[in-house]
Amino acid sequence: PLFTRLYVQSMWAVGQLVVAEVRKEVFRSILVQRTEFFDCYKLGELTSLATREVDVLRDLVKDNLSRDRGLRAVLECSLVCVVLIYQHKVLGPSMAAVVITLATLTALYSRSTKAAFGRDAAASAALNTQVTETVAAIRTVRSFLGESKETRRFARAVEGTVQTGWEIGDAKTNLEVCNGAGVEPCLHLRVSVRAGVEP
């Protein structure tokens, strides 16, 4: 569980920083375009580029770091219980009970993190609104002089998504540690007993 925590947190941190920088750079590159550029592309296309397209990268990082995928977690827990009981008739049921208990606690913890995902969605919506307002203003006012002001405003909005992203990263890390906390020690105990080594 310790190495799982270190791995998930460090990968999430790198992913968050990369996504934030990509998002800022995309927005900056939109702002420096000539007026004709805004005539060639629709407002929705430019907004999507700075928000949803970059979110694909963020989702890729988030989804690859998490095993909290419902059916997969249930099947993993069930299979470990079956193997433990089959392999050792005496210790298997008690180890399976530990796995089931920790899996239940993990599921309850997972439900408690829904608020963090709600805050993240709200921060993403605020970011989307800010991009839409800026691009709409550029299209309305043909010469845009507030470039640096809007860049700073957008950077603050990006920081909001980074903060909520950290919350989600912590939640995902805790879920991974909880998932492994029940399964790994029981399997190590089983291997130790089978090898004739005292646990």
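Residues numbered from 1 in each chain as written. Predicted model: local features only at pLDDT ≥ 70, side-chain atom pairs only at ≥ 80, totals over all residues. Heavy atoms only, no water.

### Some thoughts on the overall build of the chain
Right, on to step 1. Looking only at helices and strands, the chain has eight helices and zero strands in total.
Right, on to step 2. Its helices and strands taken in sequence order, the chain reads α-α-α-α-α-α-α-α from the N to the C terminus.
Right, on to step 3. The long-range share in the chain, meaning contacts at least 24 apart out of those at least 6 apart in sequence, stands at 83%.
Right, on to step 4. Surface summary for the chain: the accessible area is close to 11400 Å², and the carbon and sulfur share equals 64%. (Helix = DSSP H or I, 4+ residues; strand = E, 2+ residues; numbered from the N terminus. Contact = heavy atoms within 4.5 Å. Areas by Shrake-Rupley, 256 points an atom, 1.4 Å probe, with all protein chains shown as cover.)

### Observations regarding the packing of aromatic side chains
Right, on to step 1. All chains considered together, the criterion is met by one aromatic pair.
Right, on to step 2. Between F37 and Y41 the ring centres are 4.9 Å apart and the planes differ by 45 degrees, which places this aromatic pair in the tilted class.
Right, on to step 3. Residue F37 is classed as partly exposed on the basis of its relative accessible area of 21%.
Right, on to step 4. Judged by relative accessible area, Y41 falls into the partly exposed class, the value being 38%. (Phe/Tyr/Trp six-rings, centres within 6.5 Å; stacked < 30°, edge-to-face > 60°. Buried < 20%, exposed > 50% of the residue type's maximum accessible area, 1.4 Å probe, protein only.)

### Some points on the side chain of S124
Right, on to step 1. Along the chain, S124 falls in helix α7 (residues 114-140).
Right, on to step 2. Judged by its relative accessible area of 19%, S124 falls in the buried class.
Right, on to step 3. Once residues within four sequence positions are removed from consideration, S124 is found in contact with R58 and T161.

### Quick look at the nonpolar core
Right, on to step 1. Grouped together as the largest cluster of nonpolar side chains are 18 residues, with contacts concentrated most on I30, F38, V131, V135, F154 and V158.
Right, on to step 2. Mapped by element, the contributors of at least two residues to this core are α1 (2-31), α3 (43-50), α7 and α8 (147-194).
Right, on to step 3. The greatest single-element share of this core, amounting to six residues, is contributed by α1.
Right, on to step 4. For V135, the contacting residues outside a window of four places in its chain are I30, F38, L43 and L46.
Right, on to step 5. Of all hydrophobic cores here, the second largest spans nine residues; its members include C81, L84, V99 and C186. (Core = buried A, V, L, I, M, F, W, Y, C linked by side-chain atoms within 4.5 Å.)

### A look at a nonpolar patch on the surface
Right, on to step 1. Nonpolar side chains collect at one region of the surface, where V14, V18, V22, L57 and L60 lie side by side and expose about 370 Å² of accessible area between them.
Right, on to step 2. Mapped onto the nonpolar patch, the elements with two or more residues apiece are α1 and α4 (52-65).
Right, on to step 3. By residue number, the principal contributor to the nonpolar patch is α1, which donates three residues.
Right, on to step 4. Residue position: L57 is located in helix α4.
Right, on to step 5. On the accessibility criterion, L57 (32% relative accessible area) is partly exposed. (Patch = residues over 30% accessible without salt bridge, like charges linked within 9 Å, V, L, I, M, F, W, Y side chains within 5 Å. Salt bridge = Lys/Arg side-chain N within 4 Å of Asp/Glu carboxyl O.)

### Thoughts on the packing of α1 against α3
Right, on to step 1. At their nearest, the axes of α1 and α3 sit 9 Å apart, and the two run at 150 degrees to each other. On the basis of the axis angle, α1 is roughly antiparallel to α3. Along the contact surface, α1 presents R23, V26 and I30, while α3 presents L46, L49 and A50. (Axes fitted to C-alpha atoms, helices over the stretch in contact; angles between N-to-C directions. Parallel < 35°, antiparallel > 145°, perpendicular 65-115°, else oblique.)

### Let's talk about the pattern of salt bridges
Right, on to step 1. According to the stated counting rule, one finds four salt bridges in the structure shown.
Right, on to step 2. The salt bridge partner of K24 is E21, with a shortest N-O separation of 3.9 Å. Here K24 pairs with E21, and both are found in helix α1, just three residues apart, close to one helical turn.
Right, on to step 3. What makes K24 buried here is its relative accessible area of 15%.
Right, on to step 4. For R119, the salt bridge goes to E167, with nearest N and O atoms at 2.4 Å. Residue R119 is found in helix α7, and its partner E167 is found in helix α8; the two are separated by 48 residues along the sequence.
Right, on to step 5. Given a relative accessible area of 41%, R119 falls into the partly exposed group.
Right, on to step 6. We classify E167 as partly exposed; its relative accessible area is 30%.

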